Amino acid sequence: MTASVAAKSNERDKASPNKKWVWAKRALTAFFFILIPVLLYMVLKNIEWQEVKQAIHAYQLKTLLLGCLIAMASFLVFSSYDLISLHYLKNPIKIREVLPLAFVGCVFALNLAWIGGVASRFRLYSRLGLDPVTITKVISTNIITNWLGYTIVGGIIFTSGLLDLPDNWKMGNTALQFIGVGLLIVASSYFAACRFSKKRTFRFFKQEISLPNFKLALFQAAFASLNWCLMALLIYTLLTGKISYPTVLGILLMCSIAGAVTHVPAGLGVIEAIFVAMLSHQLSKGSIIAALIGYRVIYFLLPLSIAALVYLVLEIRYKRKEGKST
């Protein structure tokens, strides 16, 4: 009887932190769901749409082509996360088979929230013979890779103090520097664990995570950090260099957290609200919105149309192979 009571007590103790975390996450999500529409309303109510139209028409062709090249480089790097994951899992799928599939997964995840990327990867990787456990590990390793890059880039940019924020956010610079230090500690801890930890497998939120070797961790960091920087470079290019690159990068990183918490597909409204709130003291709202419209077309809508076509081609190809095998 005593053992039974103790066991139930232990179960309650384990469940209690999980419940607290769930409620904290719900509260944070509710906060952003309220904050973002309010910010968006405040941002859009005074925008001169004629100015937005003029700013869009003012873009030179070379600026748009450069933006497309940056987006291509970003998606090539982004898709390479799958190559890192499969190398870590010692799964010898050919690069030419992985990259189109990974590109589809990345684009669907960006535009249709994480579930779009998960569903497409499960369907397409299963066609290549991967079992659900391996596919889950690929996805979880990709997530770790992406957020490892975030902690490194965010840690550096937030601690640098180079962000030019509005006057009413100046106190936020100190808070951002503390957050940056925290992010660098997290990244350093990950590297230290990969290099020195004797225990290689951990459980995190009911997921089993295995540490890669130190060399692979460096590849994760390099690719993911580069991808975050390329995403910001695209927005910086569309803002035609009128805002400092560290400021653009820092604001994009802030938007990413808000978008991840709210699970809004493509961060729709989140990016616009935060960028205008943070940059309207330096640049007209019309110019900012014009740049973000360009960003959405080049980095979201155009890749989505290409990814949908690639997905269709892959489905047809796999069905033909299945037909021949039968």
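Higher on the page you've got the structure.
Heads up: these notes are all about the structure in this document.

Thresholds, definitions, all that
Residues numbered from 1 in each chain as written. Predicted model: local features only at pLDDT ≥ 70, side-chain atom pairs only at ≥ 80, totals over all residues. Heavy atoms only, no water. Helix = DSSP H or I, 4+ residues; strand = E, 2+ residues; numbered from the N terminus. Contact = heavy atoms within 4.5 Å. Salt bridge = Lys/Arg side-chain N within 4 Å of Asp/Glu carboxyl O. Phe/Tyr/Trp six-rings, centres within 6.5 Å; stacked < 30°, edge-to-face > 60°. Lys NZ or Arg CZ within 6 Å of the ring centre and 35° of its normal. Axes fitted to C-alpha atoms, helices over the stretch in contact; angles between N-to-C directions. Parallel < 35°, antiparallel > 145°, perpendicular 65-115°, else oblique. Left-handed = near helix turned anticlockwise from the far one by under 90°. Nonpolar A, V, L, I, M, F, W, Y, C, P; charged D, E, K, R; others polar. Expected span 1.5 Å × (residues − 1). Core = buried A, V, L, I, M, F, W, Y, C linked by side-chain atoms within 4.5 Å. Buried < 20%, exposed > 50% of the residue type's maximum accessible area, 1.4 Å probe, protein only.

Considerations on the side chain of Ser80
Looking at where Ser80 falls in the secondary structure, it is placed in helix H3 (residues 61-88). Those residues in contact with Ser80, other than ones at most four positions away along the chain, are Leu99 and Phe223.

What to know about the pattern of salt bridges
Throughout the structure, instances matching the rule amount to 4 salt bridges. The partner of Arg123 in a salt bridge is Glu315, with the nearest N and O atoms 2.4 Å apart. Separated by 192 residues along the polypeptide, Arg123 in helix H4 (residues 95-127) and Glu315 in helix H10 (residues 285-325) bring together distant segments of the chain. Among the charged side chains, a salt-bridge network with shared partners connects Arg123, Arg127 and Glu315.

Description of the packing of aromatic side chains
A full pass over the atoms with the stated rule returns 14 aromatic pairs. Site record: aromatic cluster; members linked through ring pairs are Phe75, Phe103, Tyr295, Tyr299 and Phe300. Positioned above the aromatic ring of Phe300 is the side chain of Arg296, whose terminal nitrogen or guanidinium carbon lies 5.2 Å from the ring centre.

Some points on the packing of H3 against helix H5 (residues 132-160)
Interhelical geometry of H3 versus H5 gives an angle of 120 degrees and a closest axis separation of 9 Å. Looking at the two axes, H3 sits oblique to H5. Both H3 and H5 take part in a crossing whose hand is right-handed. Seen from H3, the contacting residues are Tyr81, Asp82, Ser85, Leu86 and Tyr88; seen from H5, they are Val138, Thr141, Asn142, Thr145 and Asn146. Grouping the constituent residues of the contact of H3 with H5 by class yields 4 nonpolar, 5 polar and 1 charged.

Overview of H3
A rise of 1.5 Å per residue sets the reference length of H3, with its 28 residues, at 40 Å; its end C-alpha atoms lie 41 Å apart and thus fit the reference within 8%. Remark: Lys90 follows H3 within two positions and exhibits a positive phi of approximately 60 degrees.

Quick word on the nonpolar core
Of all hydrophobic cores here, the largest spans 72 residues; its most connected members are Tyr125, Phe158, Phe275, Tyr295 and Tyr299. Broken down by element, this core gets its largest block of residues, 12 residues, from H10. Leave out the neighbours within four places in its chain, and Phe158 touches Tyr150, Leu163, Leu176, Gln177, Ile179, Gly180, Leu183, Gly250, Leu253 and Met254. With 9 residues, the next largest nonpolar core counts Phe191, Cys194, Ala217 and Ala221 among its residues.

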